[in-house]
Amino acid sequence: MAGLLASYEAPFALGLVFLLFVMFVWEKYPANVTASAGAALFLVLGFVPTDKAMAVFSNSAPLTIGAMFVLTGALVRTGVLENVAGMVLDRSKKYPRLALGVFLLAALAASAFMNNTPVVLVLIPIVIRLAAALDIASTRLLIPISYAAILGGTLTLIGTSTNLLVDGVAREQGLASFSIFEITPVGLVAAATGIVTMLVLGKFLLPDRREENGDLFADGDGEFLSEVTILADGDYTQKRMEEIADFNQPGVRITGVRTDGNVVRKNLQDIVLKKGDSLIVVAKSQELLTLNEREGLRVGQRRGAAGDGERIAVEAVVAPGRMSQGTPLSSLTLGRRFGVRVLGVHRHKHVAGPDLGTTRLRPADKLLLEGTPEALDELSDQSELVSVTRSTARAFRRTKAPLALLALGLVVVLAAFNVMDIGILAMIAVAAILVLRCIDEDEAWGSIDGGILILIFAMLIVGQGLQETGAVMLVVETVTPLMSMVSPFVALLIVYALASTLTECVTNNAVAVIFTPIVIGLGQQTGIEPRALVVAVMFGASASFATPIGYQTNTLVYGAGNYRFSDFVKIGLPMNIVVGLASCYAIYLYYGM
């Protein structure tokens, strides 16, 4: 039996890969679980020697990808993405259509240097606001933002994990490493073609369903009503509201100012603030926690958070009972009874009240609370609140934003001049931002998508198994006669089309690992430039426009806009074809084929 299996190792390994792709499409298990099972099967059957399997973990690509996840997390924690999105949104009030163009370009540029998933997450609520400013359905804008992020990822080697992974696999096959900007000329052609295609076809093919928009990222959802009191003269006094940066962040809306016993609701930006004034705000939890750390300000109720112990922020849901029977929040005396301060109150799809103190709680309202763990435990035991959990929100560290930008910038510049391997540079940058407190340790490791790394390592083992069993050479020998009969440009189109089609059905990282050694072998056998074929794999594996499951950013906007599967097919198929033709022609010219 063992001898028979050895005789048919190559076709048997290919059969297992086909089965693996079927499991990916079926989606009964998460992609990383399916890939892990496939890798385990290759190991059990002896297709991959133990030493070769362990050598997979020396591949630098997954480590570089993980480091780039952390650097992107630092940009989120320091508020860089929020601030950029906020600036664009501010401009949209005067020039909404110009702001839309800037928005697409911003998504494109940001995705060239950082993980595009958090980029799209930050931009989704801003896009919905922008759609309202333009008086159009957000379904007309959310898909273009996802596509812009995908196209932005093709601009540099670090734009997507797929590019880094293809580079890592290609190096193991003997190809020289790609520089960070080697694929940029091709990426610019693909991006320009994609943007023009969206502008021309979008008006006809993008859905216009305002009434069906999802509310997952709707404006106001996730925001807390609170009050911010100025306790002392200093940075927040004797200045007009519009001159104070902390009160003009994209996640903060000032709805009134209590001054001299009166509440002013109009012309707020012209008010000159003084000690004792209170601002009625509607803000994201991160922004409230940021203001709560500022000296000279008090966020929320006057009393609470007493004691010298560690103070933490939690979110709690109001249970049906005494607290929810219309009692004003100021009368609940949570500070005097428990030493807990209410920082804000959130009511789904509504502002909870005219101000914090007069808000009458209802069941299911969410409170943002601050206090010692002991005080919060005591409050939770009273059964007036349920689901008391530590808030996942963190205060923005905006003063550290220049450091985070500098770290990422140095990685890009030094890698561009080949000063050091990009993986080493990225890991040094991670160490720097941790030491400089741009991001906390738990956040840094939490920003790494462990599922993607597991999938990558598993697929690298599968790819190694295809090499060891001779399956790669079997495919090369089978396809070489056909590829020898076509022109290099047609060969590029075939490679791109196969990679793109498979990516719409299965994970792009799996496609990248399997295809890269195959196309290198094809290039060596047919005389077609292997480097060009590898770039075709890079772009084809990132060209996921036609389905909401092919790329994670598509999945995000799919839920946010309540799209239908067919919406992506209508606009995505033309995008795949046009961008594919343009990309392959650019590769053909760029590599002198």
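Residues numbered from 1 in each chain as written. Predicted model: local features only at pLDDT ≥ 70, side-chain atom pairs only at ≥ 80, totals over all residues. Heavy atoms only, no water.

Here we take up the overall build of the chain. For the chain, the count of helices and strands is 24 helices and nine strands. The globule rule puts the C-alpha radius of gyration for 593 residues at 25 Å, and the 27 Å found for the chain is close to it. Relative to its 593 residues, the chain shows a buried fraction of 55%. Of all intrachain contacts in the chain linking residues separated by at least 6 positions in sequence, the fraction that spans at least 24 positions is 81%. Summing over all exposed atoms, the chain offers an accessible surface of approximately 25,100 Å²; the carbon and sulfur share of this is 60%. Positive and negative charge centroids in the chain, built from 45 and 50 side chains respectively, lie 9 Å apart. (Helix = DSSP H or I, 4+ residues; strand = E, 2+ residues; numbered from the N terminus. Rg over C-alpha atoms; globule rule 2.2 N^0.38 Å. Buried < 20%, exposed > 50% of the residue type's maximum accessible area, 1.4 Å probe, protein only. Contact = heavy atoms within 4.5 Å. Areas by Shrake-Rupley, 256 points an atom, 1.4 Å probe, with all protein chains shown as cover. Lys, Arg positive; Asp, Glu negative; His and termini not counted. Charge placed at Lys NZ, Arg CZ, Asp CG, Glu CD.)

To continue, consider a negative patch on the surface. Together, Glu 374, Asp 377, Glu 378 and Asp 381 give the surface a local cluster of negative charge. With respect to the helices and strands, Asp 377 occurs in helix α14 (residues 373-381). (Patch = residues over 30% accessible without salt bridge, like charges linked within 9 Å, V, L, I, M, F, W, Y side chains within 5 Å. Salt bridge = Lys/Arg side-chain N within 4 Å of Asp/Glu carboxyl O.)

Another aspect to go through is the packing of helix α5 (residues 60-77) against helix α18 (residues 450-469). One can describe the packing of α5 onto α18 by two numbers: an axis separation of 10 Å at closest approach and a directional angle of 170 degrees. Accordingly, the angle class assigned to the pair α5 and α18 is roughly antiparallel. Taking contact as the criterion, the partners of Pro 62, Ile 65, Gly 66 and Phe 69 in α5 are, on α18, Ile 452, Leu 453, Ile 456, Phe 457 and Leu 460. (Axes fitted to C-alpha atoms, helices over the stretch in contact; angles between N-to-C directions. Parallel < 35°, antiparallel > 145°, perpendicular 65-115°, else oblique.)

Turning to unusual backbone geometry, a few remarks are in order. Positive phi, close to 55 degrees, is recorded for Asp 260, a residue that is not glycine. According to the relative accessible area criterion, Asp 260 is exposed, its value standing at 62%. In this structure, Arg 437 is a non-glycine residue whose phi angle is positive, near 60 degrees. Along the chain, Arg 437 falls in the loop between α16 (422-435) and α17 (441-446). Classification of Arg 437 as partly exposed rests on a relative accessible area of 45%.

Moving on, we get to the side chain of Arg 398. By the secondary structure assignment, Arg 398 is in the loop between β9 (385-390) and α15 (401-416). Excluding its chain neighbours within four sequence positions, the residues that come into contact with Arg 398 are Thr 78, Asn 83, Gln 249, Glu 287 and Thr 290.

Right, let's get into the packing of aromatic side chains. Across all of its chains, the model carries eleven aromatic pairs by this definition. Centre to centre, the rings of Phe 489 and Tyr 585 are 6.1 Å apart; their planes meet at 90 degrees, and the pair counts as edge-to-face. Of the two residues, Phe 489 sits in helix α20 (residues 488-505) while Tyr 585 sits in helix α24 (residues 565-590), which places them 96 residues apart along the sequence. The exposure class of Phe 489 is partly exposed, given its relative accessible area of 23%. Taking the relative accessible area as the measure of exposure, Tyr 585 reaches 47% and is therefore partly exposed. Here the aromatic rings of Phe 489 and Tyr 588 are separated by 5.7 Å at their centres, their planes lie at 70 degrees, and the arrangement is edge-to-face. Of this pair, Phe 489 sits in helix α20 while Tyr 588 sits in helix α24; the two residues are 99 residues apart in sequence, bridging distant segments of the chain. Judged by relative accessible area, Tyr 588 falls into the partly exposed class, the value being 26%. Aromatic rings pair up to connect Phe 12, Phe 42 and Phe 47 into one cluster. Across from the ring centre of Tyr 29, 5.8 Å away, lies the NZ or CZ of Lys 28, which sits over that ring. Directly above the aromatic system of Phe 178 lies the positively charged group of Arg 531, at a separation of 4.1 Å from the ring centroid. (Phe/Tyr/Trp six-rings, centres within 6.5 Å; stacked < 30°, edge-to-face > 60°. Lys NZ or Arg CZ within 6 Å of the ring centre and 35° of its normal.)

As a further point, take the pattern of salt bridges. Per the stated rule, a full pass over the model turns up 20 salt bridges. A salt bridge links Arg 171 to Asp 167, with the shortest nitrogen-to-oxygen separation between them at 3.2 Å. One end of the pair, Arg 171, and the other, Asp 167, are both in helix α10 (residues 161-172), four residues apart, so they sit about a helical turn from each other. What makes Asp 167 buried here is its relative accessible area of 2%. What emerges from the salt-bridge pattern is a single network uniting Arg 77, Arg 397, Arg 437, Asp 440 and Glu 443.

So, on to the packing of α10 against helix α22 (residues 530-542). How two helices sit against one another is set out by the angle between their axes and by the gap between those axes. Packing of α10 against α22 leaves a shortest axis separation of 9 Å and a crossing angle of 150 degrees. Considered as vectors, α10 and α22 are oriented roughly antiparallel to each other. Of the two elements, α10 crosses α22, and the hand of that crossing is right-handed. Packed against α10, whose contacting residues are Thr 162, Asn 163, Val 166, Asp 167 and Ala 170, the element α22 presents Val 534, Val 537, Met 538, Ala 541 and Ser 542 at the interface. (Left-handed = near helix turned anticlockwise from the far one by under 90°.)

Counting 142 residues, the largest nonpolar core has Phe 42, Tyr 147 and Met 459 as its most contacted members. In this view, Tyr 147 contacts Met 198, Phe 545, Asn 554, Phe 568, Ile 571, Gly 572 and Met 575; residues no more than four positions away in its chain are not counted. Counting 26 residues, the second-largest nonpolar core is a separate cluster that includes Ile 244, Leu 273, Leu 279 and Val 281. (Core = buried A, V, L, I, M, F, W, Y, C linked by side-chain atoms within 4.5 Å.)

So, on to the environment of Pro 373. With respect to the helices and strands, the residue Pro 373 is situated in helix α14. Accessibility expressed as a relative area gives 26% for Pro 373, which makes it partly exposed. Excluding anything up to four places from it in sequence, Pro 373 contacts Glu 310 and Ile 312.

Let us now look at the pairing of strand β2 (residues 252-259). Here six bridges tie β2 to strand β4 (residues 278-284), and the two strands are oriented antiparallel to one another. By the bridge assignment for β4, Arg 258 is matched with Ser 278. Alignment of β2 against strand β3 (residues 262-264), held across three bridges, turns out to be antiparallel. When the sheet's bridge partners are listed, Thr 259 is paired in β3 with Asn 262. (Pairing = 2+ DSSP bridges.)

Counting all residues, the mean pLDDT for the chain is 83, and 91% of those residues have values of 70 or more. Here residues 212-220 scores under 50 on pLDDT; set against residues more than four positions off or in separate chains, the count is 23 contacts. (pLDDT = per-residue confidence, 0-100.)

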